[in-house]
Amino acid sequence: GCRVVDNTIERSLHGIYLLESHGATVAGNTIHGNEALVEARRGNGIHLFNANGNRIESNVIRASRDGIYFSFASHNEVTGNDVARVRYGLHYMYSDDNRFTRNRFTRNAAGAAIMFSKRIVLRDNLFADHVGYRAYGILLQTSTRITAERNRIEGNLVGVFLDNSMHNLFRENAI
């Protein structure tokens, strides 16, 4: 139930790390990674590990390795965040039942890489201007029952990439 609200975090390894934190609110923060480090040596803007039932809202993330990283983190609400100039705007593994609404993922290596997860909702987000050899708007790897509705997926090398992903619904997206 902690609150991390309205902070400016600069040149950090990980901006905000929720480790086994439940019911937290992370909102209105500006996180800027350490650009002196190569991308692979930077930490994540917001990192959730075994952290459930949290609200991640209206944060601005730049120059980290991954913007928002989920691992074994379920039942979270992620709304109104702006993530740019990172590797993966949203990097996601083994996390179920999360909702992403009205977020902006732009000018990253990839917008969203969702792997080994199920029952995710992506609604009213922007995934734009991801170019380069690994540039996807949305990548689903071994993920099931994903719902993607009313998203704008534009200016990416590949708009949507599905690998071993089944029973997913894409409806009313502009690709």
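For the structure itself, consult the block above.
These figures come from a predicted structure and were not determined experimentally. (Residues numbered from 1 in each chain as written. Predicted model: local features only at pLDDT ≥ 70, side-chain atom pairs only at ≥ 80, totals over all residues. Heavy atoms only, no water.)

The helix and strand inventory of the chain stands at 0 helices and 22 strands. In terms of overall dimensions, the chain has a C-alpha envelope of 35 × 35 × 25 Å along the principal axes. Out of the 175 residues belonging to the chain, those deemed buried represent 54%. Within the chain, contacts between residues at least 6 apart in sequence are counted, and of these 38% link residues at least 24 apart. Only carbon and sulfur atoms are counted for the fraction: they give 49% of the accessible area of the chain, which is about 7,800 Å². Averaging the locations of the 21 positively and 17 negatively charged side chains of the chain gives two centres separated by 1 Å. (Helix = DSSP H or I, 4+ residues; strand = E, 2+ residues; numbered from the N terminus. Buried < 20%, exposed > 50% of the residue type's maximum accessible area, 1.4 Å probe, protein only. Contact = heavy atoms within 4.5 Å. Areas by Shrake-Rupley, 256 points an atom, 1.4 Å probe, with all protein chains shown as cover. Lys, Arg positive; Asp, Glu negative; His and termini not counted. Charge placed at Lys NZ, Arg CZ, Asp CG, Glu CD.)

Ile46, Ile68, Phe70 and Leu122 are the most contacted members of the largest nonpolar core, which has 31 residues in total. Contributions of two or more residues to this core are made by β3 (16-19), β6 (46-49), β9 (66-71), β12 (88-93), β15 (110-115) and β18 (136-141). In this structure, Phe70 is in contact with Leu48, Asn76, Val78, Leu90, His91, Tyr92, Met93, Ser95, Asn98 and Phe100, ignoring residues within four places of it in sequence. In terms of nonpolar packing, the next biggest core, distinct from the first, is built from 8 residues, Tyr69, Tyr88, Met93 and Ala110 among them. (Core = buried A, V, L, I, M, F, W, Y, C linked by side-chain atoms within 4.5 Å.)

All right, on to the sheet that holds strand β5 (residues 30-33) then. Strand order in the open sheet formed by 7 strands is β2-β5-β8-β11-β14-β17-β20, with parallel pairing between adjacent strands. Lying at the two open borders of the sheet, with one neighbouring strand each, are β2 (8-12) and β20 (152-154). In this sheet, neighbouring strand axes are inclined to one another by 5° on average, regardless of whether the strands run parallel or antiparallel. (Pairing = 2+ DSSP bridges. Axes fitted to C-alpha atoms, helices over the stretch in contact; angles between N-to-C directions.)

Backbone geometry follows two general trends: most residues other than glycine have a negative phi, and most peptide bonds adopt the trans configuration. A positive phi angle is found at Asp6, which is not glycine, with a value near 60°. Mapped onto the fold, Asp6 is located in the loop between β1 (3-5) and β2. Although it is not a glycine, Glu20 adopts a positive phi angle of roughly 50°. Locating Glu20 in the fold gives a position in the loop between β3 and β4 (25-27).

Here the focus is the sheet that holds β4. Ordered by their spatial adjacency, 8 strands build an open sheet running β1-β4-β7-β10-β13-β16-β19-β22, and the pairing between neighbours is parallel. Both outer strands of the open sheet, β1 and β22 (169-171), are each paired with one neighbouring strand and no more. Taking each pair of neighbouring strands and ignoring which way they run, the sheet shows an average axis angle of 5°.

Here we come to a nonpolar patch on the surface. A cluster of nonpolar side chains, Phe72, Tyr94 and Phe116, forms an exposed patch at the surface whose accessible area comes to about 290 Å². Tracing the sequence through the fold places Phe116 in the loop between β15 and β16 (121-123). (Patch = residues over 30% accessible without salt bridge, like charges linked within 9 Å, V, L, I, M, F, W, Y side chains within 5 Å. Salt bridge = Lys/Arg side-chain N within 4 Å of Asp/Glu carboxyl O.)

What follows concerns the side chain of Arg123. Structurally, the position occupied by Arg123 is in strand β16. Beyond its immediate stretch of four places on either side in the chain, Arg123 contacts Arg99, Phe100, Thr101, Arg102, Glu149, Arg150 and Asn151.

Turning to the pattern of salt bridges, a few remarks are in order. Per the stated rule, a full pass over the model turns up 11 salt bridges. Arg85 is the partner of Glu35 in a salt bridge, and the nearest nitrogen-oxygen pair spans 3.5 Å. Pair noted here: Glu35 is in the loop between β5 and β6 and Arg85 is in the loop between β11 (82-84) and β12, with a separation of 50 residues, a long-range link. For Glu35, a relative accessible area of 46% gives the class partly exposed. Taking the shortest distance from any N to any O, the salt bridge between Glu149 and Arg171 comes out at 2.2 Å.

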